[in-house]
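A closer look at the structure
Here is what each chain is made of, one letter per residue.
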Amino acid sequence: MSNWLYELGLLVLVFGGFLATNSTGLFADVGMLAVVVGLLAGLVGVAAGGPPRSQ
């Protein structure tokens, strides 16, 4: 079973990074905040059960 919090954090991190680098103004600010939230969610996911392992 994979760790859903780690995967969600990784998804938010990638999406936020894309938004922050390809946008201006408010969208770039939201992207930077999404990067921070995704990083925190990924770290909590790793602490809770580690990254998903291949079968």
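As shown above, the structure is provided for reference.
The present account deals with the structure reproduced in this document. None of these values were measured; they are calculated from a predicted model. (Residues numbered from 1 in each chain as written. Predicted model: local features only at pLDDT ≥ 70, side-chain atom pairs only at ≥ 80, totals over all residues. Heavy atoms only, no water.)

Focus: the overall build of the protein
Within the protein, the secondary structure is distributed over two helices and zero strands. Looking at the protein as a whole, 22% of its 55 residues are labelled buried. Contacts in the protein between residues at least 24 apart in sequence constitute 61% of all its contacts with a sequence separation of at least 6. As displayed, the protein offers around 4100 Å² of accessible surface, 75% of which is attributable to carbon and sulfur atoms. (Helix = DSSP H or I, 4+ residues; strand = E, 2+ residues; numbered from the N terminus. Buried < 20%, exposed > 50% of the residue type's maximum accessible area, 1.4 Å probe, protein only. Contact = heavy atoms within 4.5 Å. Areas by Shrake-Rupley, 256 points an atom, 1.4 Å probe, with all protein chains shown as cover.)

Let's talk about the environment of Gly-49
Relative to the helices and strands, Gly-49 resides in helix α2 (residues 26-49). Judged by its relative accessible area of 45%, Gly-49 is partly exposed. Separated by 45 residues in sequence, Gly-49 and Trp-4 have C-alpha atoms that sit 9.8 Å apart.

As far as function goes, none of this settles anything; it's purely spatial.
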